[in-house]
Amino acid sequence: MSEEPVPQQIISAHTNWMRLSLLALGLILIGVGIAWQLKLPPFVSRLPRENAIMVIAPYRHQGTWVFDDSSAGLVQEPFVAGVPEMIDVIVKDIPDADAGFRLLFSAKPFPQYQKKLVWLRGEGDGNYYRFSDSEMEGWICPAMFKYYETAPKDLYVKAEPLK
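Residues numbered from 1 in each chain as written. Predicted model: local features only at pLDDT ≥ 70, side-chain atom pairs only at ≥ 80, totals over all residues. Heavy atoms only, no water.

Description of the overall build of the protein
Okay, step 1: A count of helices and strands for the protein gives two helices and nine strands.
Okay, step 2: Start at the N end of the protein and walk to the C end: the helices and strands fall as α-β-β-β-β-α-β-β-β-β-β.
Okay, step 3: By residue count, 34% of the 163 residues in the protein fall in the buried class.
Okay, step 4: For the protein, long-range pairs separated by at least 24 residues make up 59% of all intrachain contacts whose partners lie at least 6 apart in sequence. (Helix = DSSP H or I, 4+ residues; strand = E, 2+ residues; numbered from the N terminus. Buried < 20%, exposed > 50% of the residue type's maximum accessible area, 1.4 Å probe, protein only. Contact = heavy atoms within 4.5 Å.)

Structure follows, in structure tokens:
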């Protein structure tokens, strides 16, 4: 048996399919790279931008301030280690704050922010901050990393009534 020569048409078609496959693979990789940079895939961080203003609604539960945030998977997340006392200061003029109030916070200043918190140090899985205008400080727990990839140098906060 002798081998028959492969027709040039078959070789040419095979080469075209290889080129087309490589081109498609290249375009897919470029698309994945762009999507990764834009943080579009669900497994890539969807944390807010540094200048975003976020809102939670703390309330008192069993003697301490807590908050819920279903988008971050937090239910009755407590504030501890000095932060409840800091909250008491910023809500002093809000009637019935224990039932709940709106707390706006951002890593960047925003109009009419009430207090600036300055990062002091990391400890455990959390970070200590203090009011910029006093020595009052508190530990913000790891739940902060549901909102920020790294601990912001400064946090700006404002408490408002819910109504």
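So, next bit.
With respect to the pairing of strand S7 (residues 126-131)
Okay, step 1: Counting buried residues in S7 gives five out of six residues, a clear majority hidden from the surface.
Okay, step 2: Of the pairings in the sheet, the one linking strand S6 (residues 115-123) to S7 comprises six bridges and is antiparallel in character. The residue bridging Gly122 from the neighbouring strand is Asn127, located in S7.
Okay, step 3: Where S6 folds back onto S7 in an antiparallel hairpin, the turn is made up of two residues, including Gly124, whose phi is positive at roughly 65°.
Okay, step 4: In this sheet, strand S8 (residues 137-140) lies alongside S7 in antiparallel orientation, the contact comprising four bridges. (Pairing = 2+ DSSP bridges.)

A short note on the pattern of salt bridges
Okay, step 1: Applying the stated criterion across every chain yields a total of nine salt bridges.
Okay, step 2: With a shortest N-O distance of 2.6 Å, Arg60 and Asp88 are connected by a salt bridge. Taken as a pair, Arg60 in strand S2 (residues 59-61) and Asp88 in helix H2 (residues 83-90) lie far apart in primary sequence, 28 residues in all.
Okay, step 3: Judged by its relative accessible area of 28%, Arg60 is partly exposed.
Okay, step 4: The exposure class assigned to Asp88 is partly exposed, which follows from its relative accessible area of 33%. (Salt bridge = Lys/Arg side-chain N within 4 Å of Asp/Glu carboxyl O.)

Remarks on the packing of aromatic side chains
Okay, step 1: Using the criterion set out here, one finds six aromatic pairs in the structure.
Okay, step 2: Between the aromatic rings of Phe110 and Tyr113, the centroid separation amounts to 6.3 Å while the plane-to-plane angle is 65°, which identifies the pairing as edge-to-face.
Okay, step 3: Classification of Phe110 as buried rests on a relative accessible area of 9%.
Okay, step 4: Residue Tyr113 is classed as partly exposed on the basis of its relative accessible area, which comes to 35%.
Okay, step 5: Pairing Tyr113 with Tyr156 gives two aromatic rings, centres 4.8 Å apart and planes at 75°, and the pair type is edge-to-face. A residue pair is termed long-range when its members are at least 10 positions apart, and Tyr113 in the loop between strand S5 (101-106) and S6 and Tyr156 in strand S9 (residues 154-161) qualify at 43 residues.
Okay, step 6: Here Tyr156 falls in the buried class, since its relative accessible area comes to 6%.
Okay, step 7: A network of ring pairs unites the aromatic residues Phe105, Tyr147 and Tyr148 as a single cluster. (Phe/Tyr/Trp six-rings, centres within 6.5 Å; stacked < 30°, edge-to-face > 60°.)

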